[in-house]
Amino acid sequence: MKVSQWVCCVPSLKHPELVPDFARRLAQRLELPFVDAISKVKDNQPQKKQQNRFHQCRNLDGVFSVNEVYKQQPVLLVDDIIDSGWTLTVIAALLQLEGSDVIYPVALASSTVKDS
């Protein structure tokens, strides 16, 4: 199993410091570099307000861009909350297109409750 070599996060226009601050502190604790790799270039509607998976995916089209990556190195991708899973999926795909290795997504909370 590959181990993360760097940390990045999903940016938010509503709370621009919340997740990056947490991700920076996490990276410091893990003794890994934090990279401000992702930018949110367009505002969009909340994922939980989308009608279905098609609309959730389409809602993210052109919303994020990649600034830089540690090429060929695994990354820990941090998000605040997972609604549909599409945000992490889209950003992971963008990171891989730019040359990142394995992406380990993690969300601090989930908006859905599922029975075990």
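Now for a quick tour of the structure. (Residues numbered from 1 in each chain as written. Predicted model: local features only at pLDDT ≥ 70, side-chain atom pairs only at ≥ 80, totals over all residues. Heavy atoms only, no water.)

### Examining the environment of Gln96
Its place among the elements puts Gln96 in helix H3 (residues 86–97). The spacing of Gln96 and Gln72 is 24 residues in sequence and 9.0 Å in space, taken between C-alpha atoms. When near neighbours in sequence (up to four residues on either side) are disregarded, Gln96 contacts Asp101 and Ile103. (Helix = DSSP H or I, 4+ residues; strand = E, 2+ residues; numbered from the N terminus. Contact = heavy atoms within 4.5 Å.)

### Digging into the pattern of salt bridges
Under the counting rule described, the total for this entry stands at one salt bridge. Asp21 serves as the salt-bridge partner of Arg25, at 3.3 Å between the closest nitrogen and oxygen. On the criterion of helical spacing, the pair formed by Arg25 and Asp21 is a turn pair, its members being four residues apart in helix H1 (residues 18–30). Of the residues examined, Arg25 reaches a relative accessible area of 46% and is grouped as partly exposed. (Salt bridge = Lys/Arg side-chain N within 4 Å of Asp/Glu carboxyl O. Buried < 20%, exposed > 50% of the residue type's maximum accessible area, 1.4 Å probe, protein only.)

### Structural notes on the pairing of strand E5 (residues 103–110)
The pairing of strand E4 (residues 75–82) with E5 spans seven bridges and is parallel. Along E5, the bridge assignment pairs Ile81 with Ala109. Between E4 and its parallel partner E5, the chain crosses via H3, and the hand of that crossover is right-handed. (Pairing = 2+ DSSP bridges. Right-handed = clockwise from strand over helix to strand, strands pointing away.)

### Overview of the packing of aromatic side chains
Taken as a whole, this structure holds one aromatic pair when the rule is applied. Where Trp6 meets Tyr70, the ring centres are 5.4 Å apart and the plane angle is 25°; that geometry is what we call stacked. Of this pair, Trp6 sits in strand E1 (residues 6–9) while Tyr70 sits in the loop between strand E3 (64–66) and E4, placing them 64 residues apart in sequence. (Phe/Tyr/Trp six-rings, centres within 6.5 Å; stacked < 30°, edge-to-face > 60°.)

### Description of the sheet that holds E5
Hydrogen bonds along the backbone pair up the strands of a sheet, which may run parallel or antiparallel. What the three strands build is an open sheet, ordered E1-E4-E5; its pairing is parallel. Looking at the sheet topology across the chains shown, the edges are occupied by E1 and E5. Strand-to-strand, the axes of this sheet are offset by a mean angle of 25°, without reference to chain direction. In terms of strand pairing, E1 meets E4 through four bridges, oriented parallel. Looking at E4, one finds that Cys8 is bridged to Leu77. Most of the contacts of H1 go to E4, to which it runs at about 145°, and overall it touches E1, E4 and E5. The strands touched by H3 within the sheet are E1, E4 and E5, with E4 carrying the most contacts at an inclination of about 160°. (Axes fitted to C-alpha atoms, helices over the stretch in contact; angles between N-to-C directions.)

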